[in-house]
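Chains, contacts and geometry: an overview
Below, each chain spelled out in residue letters.
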Amino acid sequence: MTAIQAVYVRGHEERPDPKPHIVYRIEIQAHVRSWQMWRRYSEFVELHTELAKSTGSSPPAPLPPKNALAVLRGPFRDSSSMIEERRAGLETYLRAIISAKDDKWRECYAFRDFLGVPVGRLGTVAEGSTSSKQFSSSSWLDEHLELQAKIRDIRADINKRDALSDRGDVSASHTANVQAKKKLAEALSRVRTLTQGLQELGMAAMAQGELQRRTDMVARLQDDCEKLGKMVTVTRQASRPAAAPSSRGFTNVTVAPESDRAALLSLSRPVTRVFGAKKPQETEMTRPLDDQGLVQLQNTQMEQQDGQLATLTHILQRQRHLGEAIGAELAVHNELLDELNNDVDRVGGKLISAKKQLNRLG
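Residues numbered from 1 in each chain as written. Predicted model: local features only at pLDDT ≥ 70, side-chain atom pairs only at ≥ 80, totals over all residues. Heavy atoms only, no water.

The protein goes by Phox homologous domain-containing protein in an unreviewed UniProt entry, where it is assigned to Suillus placidus. UniProt's Function (unreviewed entry) comment on the protein is quoted here verbatim: "Essential for proper morphogenesis of the vacuole. May exist as structural reinforcement on the surface of the vacuolar membrane and be required for maintenance against rupture by osmotic pressure." (UniProt positions renumbered as here; feature names shortened; annotations may be inferred.)

The structure is reproduced here in structure tokens:
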């Protein structure tokens, strides 16, 4: 069974470009997410041809026939009943591929690409065996996040087992321990698959720094699984001997060593990105990014810095022009003040001459 749980063709939309046509909205539901795709009827025809060519046999359901008169009338002149009939036929076609016992059609790359299924989520989920060749750089990180969530679930089961054991509920404690062991076995299998996928990505010219960072991430998962495995095994072995009844009628309960509890709750070593000899501080913005994402983020930040620098340059140039204008204005004012000073001196001289003449007349 693939990751796709259900598929529906819910409606349609009329689009004028590049020429008038109708596209159908396909809704896909998987285990933990859902999305939609828009496809034309001609794309369904291409998919049908590719599936028949790749698998050697036609899909389990036929495509709804193409109306010959639609070519003459154009898609916008099709009646609503004809469009609805085609929509139902396309939905039946996709559902037949999803529910078929033979998975050769739905596992075909053309079908997965047609539905836009994310790469790296196409394996058998129940078995946890995702092929390493199907991992992309982003889907590898998604799988790593899912494994971290799985490890948290295992820790919760172990904590639940310990709590039930403290209350004396042996049966429920054993059930929680069994669930933890099953989840741990699945997590170990997926960690091995993740390691193989990282090797494939490393061979695909992944940068050495990013490869080292992801290697550390896998090592962290392996350490966590190893600690959890010790906790499950130690508790199971310690619970085998029969407890001797005490004088008050109670049984002695074997408690896990404090070191094992500390190992369960201990924090693993932090994962950092490696850039040559130095190891810069990892941030929340860069942690989920791969090499291409980092380059794109760097280019975006450089473009923003260039824009800010250009704005700052414009502001400085404007300040310079204002300073030059103010300097020129001050020079003009100084000249006017000098002329005024000269006029004051000249008037003062004339006043002194007039005063002398008045004194001679008096």
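1. Description of the packing of helix α5 (residues 137–166) against helix α6 (residues 170–203)
Here α5 crosses α6 at 160°, and the two axes come no closer than 9 Å. As the angle between them shows, α5 and α6 are arranged roughly antiparallel. For the crossing formed where α5 meets α6, the hand is left-handed. Across the contact of α5 with α6, the residue classes break down as 14 nonpolar, seven polar and nine charged. (Axes fitted to C-alpha atoms, helices over the stretch in contact; angles between N-to-C directions. Helix = DSSP H or I, 4+ residues; strand = E, 2+ residues; numbered from the N terminus. Parallel < 35°, antiparallel > 145°, perpendicular 65-115°, else oblique. Left-handed = near helix turned anticlockwise from the far one by under 90°. Nonpolar A, V, L, I, M, F, W, Y, C, P; charged D, E, K, R; others polar.)

2. Considerations on the sheet that holds strand β2 (residues 21–30)
The strands making up a sheet associate through hydrogen bonds between their backbones, and the pairing can be parallel or antiparallel. An order of β1-β2-β3 is seen for the three strands of this open sheet, with the pairing classed as antiparallel. Taken across any chain shown, the strands that pair with only one partner, and hence form the sheet edges, are β1 (4–15) and β3 (34–40). Neighbour to neighbour, the strand axes of the sheet diverge by 25° on average, direction disregarded. Note that β2 and β3 share seven bridges and pair antiparallel. Bridged to Gln29 within β3 is Ser34. With respect to the sheet, helix α1 (residues 41–55) is in contact with β2 and β3, its orientation differing from that of β3 by roughly 95°. Lying over the sheet, helix α3 (residues 80–99) contacts β1 and β2, oriented at roughly 155° with respect to β1. (Pairing = 2+ DSSP bridges. Contact = heavy atoms within 4.5 Å.)

3. Examining the pairing of β1
Looking at chain direction, β1 and β2 are connected through ten bridges and run antiparallel. Opposite Gly11, over in β2, you have Arg25 as the bridge partner. The turn linking β1 back onto β2 is made up of five residues.

4. A short note on the pattern of salt bridges
Note that side chains of opposite charge can pair when their charged atoms are close. Throughout the structure, instances matching the rule amount to 21 salt bridges. Among the ionic pairs, Glu27 bridges to Arg10, the shortest N-O distance being 3.0 Å. On the criterion of sequence distance, the pair formed by Glu27 in strand β2 and Arg10 in strand β1 is long-range, its members being 17 residues apart. Overall, the relative accessible area of 21% leaves Glu27 in the partly exposed class. Take Arg10: its relative accessible area is 43%, and that puts it in the partly exposed class. Across the salt bridge formed by Glu84 and Arg87, the nearest N and O atoms sit 2.6 Å from each other. Here Arg87 and Glu84 lie together in helix α3, a separation of three residues that amounts to about one turn. Of the residues examined, Arg87 reaches a relative accessible area of 14% and is grouped as buried. One network of salt bridges, with partners in common, ties together Glu143, Glu146, Lys150, Glu186 and Arg190. (Salt bridge = Lys/Arg side-chain N within 4 Å of Asp/Glu carboxyl O. Buried < 20%, exposed > 50% of the residue type's maximum accessible area, 1.4 Å probe, protein only.)

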